[in-house]
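Geometric and topological summary
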Amino acid sequence: AFGPRAGLLSGYFHWVSGATDNAIYPSLFLEYMSVYIGVRDNVLRFVFSGVISIVLAYVNWTGLEVVGNLSMVICVISMSPFALLCIWGLPKLDTSRWMVMPEQDVEMDDDQPAGFLPELTWLGVLWRPFINNLWWNLNSFDVGASFAGEVQDPGRVFPKAMFLSVVMVASSYILPLLAAIGAADSDQNDWNAGYFTTAATNIAGPWLGAWLIFAAAVSNIALFEAELSGDAYQLMGMADRGLIPKLFCKRSRYDTPTNGILLGTAVIIAMGVANFDELVEMLNFAYSISMLLEFAAFIKLRITDADVERPFKLPFNTFGCILFVTPPSLICCFLLISASKMTYIYFSMLSLFGLAFVFLQKFAKYYGWVQYAEAPPPRRGSKMSLYQPAGSDV
């Protein structure tokens, strides 16, 4: 929509967001499993996190089918205690607890990085960390586009898969929350990291609390594998279009993008020492930039290439499409303007590195330092398709 440079920058920010996101999951896995294995030393945690990342990256390298089957098994394991929590909590449900308003005198924790703007507190909610965590938990559905080339009949499969995914993800958050709040005798201040375990123990017994800890730990494995696959296939899609070196087109004997997996794993290990809240805000910032570019490209292509064949098309006119992307665009803008000073420093360094990479590629192409795939011709006219068999671009 805006040329190869915009596509490269959008893909770059999206990939960095995904790689930063994936650095969270090994640490979270260790955080949950520390109840059983007691790993508290920071050096040991870094070593364990790196080993976990390498092992899971190898599983990812062995193929999408392995990753898909593993993710389905983990999905059943991780969701089962929450389903039992809802069932056990039903007889004890007190719906009046759902209507208790938050306390009004909330303050940001001292370890939270400060931003340039005053903290927005309204109705007893700290909106910056709340929106950041909510956005982190519910984003990245667009990563599915990276697997478009690996899916048969994406025009039929993708809409159904996206609809079911949204319903399942929303239900997996809302229903257990309603059960835990309504059935557990708790105060607002009790709800901190890991309180679901306490709520499950109070509602059903220690056995469900222990099961929930284990399920929460292994769920991070599925999240790690899905994110690593999406990021690696995104790099391969960008390489197929000549946006980055051709070496990222290389597939293993299992038909997986080897170099994309290796690069993603290296970044994950390197960022494994960062603070959780800082990582969430940093990845949301980069992801928001990428999403705004994607939304702008979506609108532009609906205007300039309205008659181009698409595997699936939203049943709206241009104005309807603008309304459709307005709410998430406003959330992205809020995340950008409310970010901490540290996040702005991180993004400035990220932008400088990205611009340097863009200009370095010019010299690499000119002097033939590395090989690049031939870029596809511009898509114009109704007889060409917007669908390309690998990844997506702006």
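Everything below is about the structure shown above.
Scope of this entry: the structure provided in the associated data block. The structure presented is a predicted model; accordingly, all values stated were derived computationally and were not measured.

This part takes up helix 7 (residues 195-204). Inspection of helix 7 places Y195, T197, A199, A200, I203 and A204 among the buried residues, and these make up the whole buried set. Next to the buried residues of helix 7 lie helix 4 (64-89), helix 6 (154-183) and helix 8 (206-240). After helix 7 finishes, the residue G205 shows a positive phi value of roughly 125°.

Here we take up the nonpolar core. In this structure, I24, F29, W136, I221, F224, L228 and I261 are the most contacted members of the largest nonpolar core, which totals 26 residues. Of all the secondary structure elements, the ones that give two or more residues to this core are helix 2 (24-37), helix 3 (42-61), helix 8, helix 9 (258-270) and helix 10 (276-304). Broken down by element, the residue count for this core peaks at seven residues, all from helix 8. A239, L243, F248 and L350 belong to the second-largest nonpolar core, a separate cluster that totals 23 residues.

Enumeration according to the criterion identifies two cavities of 30 Å³ or more in this entry. Taken as a whole, the second largest cavity holds about 40 Å³ of empty space. Lining of the second largest cavity is provided by H14, S17, G18, D21, S140, V143, E227, D231, L283 and Y287. Every element with two or more residues in the lining of the second largest cavity is listed here: helix 1 (4-22), helix 8 and helix 10. For the lining of the second largest cavity, the element with the highest residue contribution is helix 1, accounting for four residues. Grouping the amino acids of the lining of the second largest cavity by side-chain chemistry returns three nonpolar, four polar and three charged.

For the coordinates displayed, the defined rule picks out three salt bridges. Of the charged contacts, one joins D94 and R97 as a salt bridge, the two residues approaching to 3.8 Å between their closest N and O atoms. Judged by its relative accessible area of 30%, D94 falls in the partly exposed class. The class of R97 is partly exposed, set by a relative accessible area of 26%. Taking the shortest distance from any N to any O, the salt bridge between D255 and R251 comes out at 3.3 Å. Judged by its relative accessible area of 31%, R251 is partly exposed.

A few words now on helix 5 (residues 127-138). Counted at 1.5 Å a residue, the expected span for helix 5 with its twelve residues is 16 Å, and the 16 Å between its end C-alpha atoms agrees. Listed in full, the buried residues belonging to helix 5 are R128, P129, I131, N132, W135 and W136. All buried residues of helix 5 project into a common sector of 165° when viewed along the axis, lining one side. A positive backbone phi angle near 75° is found at S140, which sits one or two residues after helix 5.

To continue, consider unusual backbone geometry. The backbone phi angle of D255 is positive, close to 70°, even though this residue is not glycine. Looking at the secondary structure, you find D255 in the loop between helix 8 and helix 9.

Residues W98, M99, F130, L134, L138, Y173, I174, L175 and L178 make up a contiguous nonpolar surface patch of about 820 Å² in total accessible area. Only helix 5 and helix 6 provide two or more residues apiece to the nonpolar patch. For the nonpolar patch, the element with the highest residue contribution is helix 6, accounting for four residues. Relative to the helices and strands, Y173 resides in helix 6. What makes Y173 partly exposed here is its relative accessible area of 34%.

Here we take up the packing of aromatic side chains. All chains considered together, the criterion is met by 16 aromatic pairs. Arranged with centres 5.3 Å apart and planes meeting at 70°, the rings of W88 and W207 form a pair that is edge-to-face. Residue W88 is found in helix 4, and its partner W207 is found in helix 8; the two are separated by 119 residues along the sequence. The exposure class of W207 is partly exposed, given its relative accessible area of 39%. Seen in terms of ring centroids, W127 and F130 are 5.6 Å apart; in terms of plane orientation they differ by 85°. Their pairing is edge-to-face.

Relative orientation of the contacting elements helix 1 and helix 12 (residues 341-367) amounts to 135°, with a least axis distance of 11 Å. Viewed along their axes, helix 1 and helix 12 adopt a mutual orientation that is oblique. For the crossing formed where helix 1 meets helix 12, the hand is right-handed. Residues R5, L8, L9, Y12, F13, V16 and T20 of helix 1 pack against Y346, F347, L350, S351, F353, G354, F357, V358, Q361 and K362 of helix 12. Split into classes, the residues belonging to the contact of helix 1 with helix 12 amount to eleven nonpolar, four polar and two charged.

Calculation rules
- Residues numbered from 1 in each chain as written.
- Predicted model: local features only at pLDDT ≥ 70, side-chain atom pairs only at ≥ 80, totals over all residues.
- Heavy atoms only, no water.
- Buried < 20%, exposed > 50% of the residue type's maximum accessible area, 1.4 Å probe, protein only.
- Helix = DSSP H or I, 4+ residues; strand = E, 2+ residues; numbered from the N terminus.
- Contact = heavy atoms within 4.5 Å.
- Core = buried A, V, L, I, M, F, W, Y, C linked by side-chain atoms within 4.5 Å.
- 1 Å grid on protein atoms, 1.4 Å probe; cavity = no way out; pocket = protein on both sides within 12 Å on 5 of 7 lines; lining within 4 Å.
- Points joined across faces, edges and corners; volume = space filled by probe spheres on them.
- Nonpolar A, V, L, I, M, F, W, Y, C, P; charged D, E, K, R; others polar.
- Salt bridge = Lys/Arg side-chain N within 4 Å of Asp/Glu carboxyl O.
- Expected span 1.5 Å × (residues − 1).
- Arc of directions from axis to C-beta.
- Patch = residues over 30% accessible without salt bridge, like charges linked within 9 Å, V, L, I, M, F, W, Y side chains within 5 Å.
- Areas by Shrake-Rupley, 256 points an atom, 1.4 Å probe, with all protein chains shown as cover.
- Phe/Tyr/Trp six-rings, centres within 6.5 Å; stacked < 30°, edge-to-face > 60°.
- Axes fitted to C-alpha atoms, helices over the stretch in contact; angles between N-to-C directions.
- Parallel < 35°, antiparallel > 145°, perpendicular 65-115°, else oblique.
- Left-handed = near helix turned anticlockwise from the far one by under 90°.

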